[in-house]
Amino acid sequence: MNKNNLFTLVPTAIFIASQIVSGVLAGLMLLLIDDTDSSATSSAMSVTLVVGDVIALSLLTLTKHINFKTAFRPSSAVSASTAYAIAGAATGIFATNIFSDLITLPDAMEATFMQLKDSILGIASIAIIGPVTEEFIFRQATLGGMLRHGIRPIYAVLLSALLFGVIHLNWAQILPAFSIGIMLGIIYLKTGNIILCTIIHIINNSIAVAQMIVLGENTKDFKLTDALGGYTVAMP
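Only a predicted model underlies this, so the values are computations on that prediction, with no experimental measurement involved.

Calculation rules
Note on numbering: residues in each chain are counted from 1, in written sequence order. Owing to the predicted nature of the model, reporting of local features is limited to residues with pLDDT of at least 70; listing and counting of side-chain atom pairs is limited to 80 or more, with chain, interface and lining totals taken over all residues. Hydrogens are left out, water is left out, and the side-chain values use all remaining heavy atoms of the structure. Segments assigned H or I by DSSP are reported as helices when at least four residues long, segments assigned E as strands when at least two residues long, and all are numbered from the N terminus. When a residue's accessible area, from a 1.4 Å probe over protein chains only, is under 20% of the maximum for its type it is buried; when over 50% it is exposed; and in between it is partly exposed. Pairs of residues are marked as contacts when any of their non-hydrogen atoms sit within 4.5 Å. Bend, in this description, refers to the angle at a residue between axes fitted to the seven residues ending there and the seven starting there. A pair is scored as a salt bridge if a Lys or Arg side-chain nitrogen falls within 4 Å of a carboxyl oxygen belonging to Asp or Glu. What counts as an axis is a line fitted to C-alpha atoms, over the stretch in contact for a helix, and the angles between N-to-C directions run from 0 to 180 degrees. In what follows, roughly perpendicular refers to angles from 65 to 115 degrees, roughly parallel to angles under 35, roughly antiparallel to angles over 145, and oblique to any angle outside these ranges. Here is the rule for handedness: rotate from the far helix to the near one, and if that takes an anticlockwise turn smaller than a right angle the crossing is left-handed, while a clockwise turn gives right-handed. Joining through side-chain atoms within 4.5 Å is the link that ties buried Ala, Val, Leu, Ile, Met, Phe, Trp, Tyr and Cys residues into a set, and such a set is a nonpolar core. A patch is a set of surface residues, each over 30% in relative accessible area and not in a salt bridge, joined within 9 Å for like charges and within 5 Å for the nonpolar side chains Val, Leu, Ile, Met, Phe, Trp and Tyr. Each accessible area value is a Shrake-Rupley result obtained with a 1.4 Å probe; residue values ignore everything except the protein chains displayed when judging cover. Each residue gets a pLDDT score, which is the predictor's confidence in that residue and runs from 0 to 100. Any Phe, Tyr or Trp ring, taking Trp's six-membered ring, that has another such ring centre within 6.5 Å forms a pair; planes under 30 degrees apart are called stacked, those over 60 apart edge-to-face, and the others tilted. Any Lys NZ or Arg CZ found within 6 Å of a ring centre and within 35 degrees of that ring's normal is scored as a charge over the ring.

**Notes on the overall build of the protein**
- Within the protein one finds 11 helices and 0 strands.
- In the protein, which comprises 236 residues, the proportion classed as buried is 38%.
- Here the contacts in the protein between residues at least 6 apart in sequence split such that 75% fall between residues at least 24 apart.

Right, here's the structure in full:
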């Protein structure tokens with residue numbers, strides 16, 4: 001990979017750096033509050049997550065990796081095939097969630113997510129702010145940057161999806177995020193419309209948050225396949 005191609009990895013590096021900064025900030029805030037107060041803990045963690053996202057978006061806008069004007073232009077390609085792209089992504093994400101039930105991987109973020117759901121800002125950070133930030137960084141800045149630097153589309157989609165999966169730093173999320181990153185990457189590749197990708201990402205995360213709110217501690221034991229009747233295939 002030449003220097004120009006390496007430049008396309010800058011958005012991921014900036015995102016990781018911003019998350020490290022927000023993580024340090026979270027640690028400092030947690031030292032100052034009563035760890036028995038779940039509401040205060042949730043609020044502190046939510047604030048730091050949002051701060052990390054704001055830092056990343058601000059730096060990438062200043063370095064011109066992100067262009068909000070381009071993202072919100074009505075001219076972004078939307079055609080009749082968009083409906084098929086959305087339907088395909090929705091089906092793929094649903095299938096990915098079912099596949100996730102088949103494998104058991106350690107979920108290092110489960111306790112954190114359960115705490116975040118206890119505050120409005122925490123819910124917003126998971127369901128809305130996080131998806132918006134990640135789509136601008138991994139679809140517009142990373143995938144878009146790779147395409148602009150001449151990387152073949154198939155490699156650009158796969159590499160941006162891989163980076164999207166790895167940055168979650170959680171075994172239970174890496175494979176599903178990689179799969180979803182491929183689907184969202186294809187939609188962005190075909191439409192150039194970051195809004196579509198963001199909406200799908202928000203819906204996916206919102207469903208997960210709703211599940212945590214409704215099921216509470218039972219979320220970790222919930223499997224979509226069980227709700228659908230298990231793995232047994234109907235035979236004539």
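Continuing now.
**Some details on the environment of M114**
- Tracing the backbone through its elements, the reader meets M114 in helix α6 (residues 110-116).
- C-alpha of M114 to C-alpha of M212: the two residues are 98 residues apart in sequence and 6.9 Å apart in space.

**Some remarks on helix α7 (residues 120-148)**
- The largest bend in α7 is about 40°, located at I126.
- Directly beyond the C-terminal end of α7, a positive phi value near 85° is found at G150.

**Details of the pattern of salt bridges**
- Tallying each qualifying case throughout the model produces 1 salt bridge.
- A salt bridge links E135 to R139; its shortest N-O distance comes to 2.8 Å. Here E135 pairs with R139, and both are found in helix α7, just 4 residues apart, close to one helical turn.
- By relative accessible area, which is 0% here, R139 ends up buried.

**Points about the packing of α7 against helix α8 (residues 153-166)**
- The contact between α7 and α8 brings their axes to 9 Å, and the two run at 150°. Looking at the two axes, α7 sits roughly antiparallel to α8. α7 and α8 meet at a crossing whose hand is right-handed. Residues E134, F138, R139, T142, L143, M146 and L147 of α7 form the contact with α8, whose participating residues are P153, A156, V157, L159, S160, L163 and F164.

**Side note on unusual backbone geometry**
- With a phi close to 65°, K64 is a non-glycine residue in the positive phi region.
- As for its placement among the helices and strands, K64 is situated in the loop between α3 (38-62) and α4 (68-71).

**Observations regarding the nonpolar core**
- Formed by 29 residues in total, the largest nonpolar core has its most connected members in F15, I66, F136, I137 and F138.
- Setting aside chain neighbours within four positions, we find F138 in contact with T12, F15, L143, S160, L163, F164 and I167.
- Of all hydrophobic cores here, the second largest spans 7 residues; its members include L116, I126, A127 and V209.

**Some remarks on a nonpolar patch on the surface**
- A cluster of nonpolar residues, I16, I20, V24, L28, L31 and L32, forms a patch on the protein surface that exposes about 670 Å² of accessible area.
- Topologically, L28 is positioned in helix α2 (residues 10-32).

**Observations concerning the side chain of T12**
- Its place among the elements puts T12 in helix α2.
- Looking at T12, the relative accessible area reads 6%, which means it is buried.
- Filtering out sequence-adjacent residues up to four positions away, T12 remains in contact with F138, T142, L163 and I167.

**Topic: the confidence of the model for the protein**
- Summarising the model, the protein shows a mean pLDDT of 78, and 70% of its residues fall at 70 or more.
- The lowest-confidence element of the protein is helix α11 (residues 224-227), averaging 52 in pLDDT; the highest-confidence one is α8, averaging 94.
- Every residue in residues 227-236 scores below 50 in pLDDT, and together they form 7 contacts with partners more than four places removed in sequence or on other chains.

**What to know about the packing of aromatic side chains**
- Applying the stated criterion across every chain yields a total of 3 aromatic pairs.
- Ring plane angle 80° and centroid distance 5.6 Å describe the contact between F15 and F138, whose orientation is recorded as edge-to-face. Of this pair, F15 sits in helix α2 while F138 is found in helix α7, placing the two residues 123 residues apart along the sequence.
- You can call F15 buried: its relative accessible area is 5%.
- Residue classification places F138 among the buried residues on the basis of a relative accessible area of 0%.
- Each member of the aromatic cluster is reached from another via a ring pair, and the members are F15, F138 and F164.
- In this structure, R139 is placed above the aromatic ring of F164, and the distance from its NZ or CZ to the ring centre is 4.5 Å.

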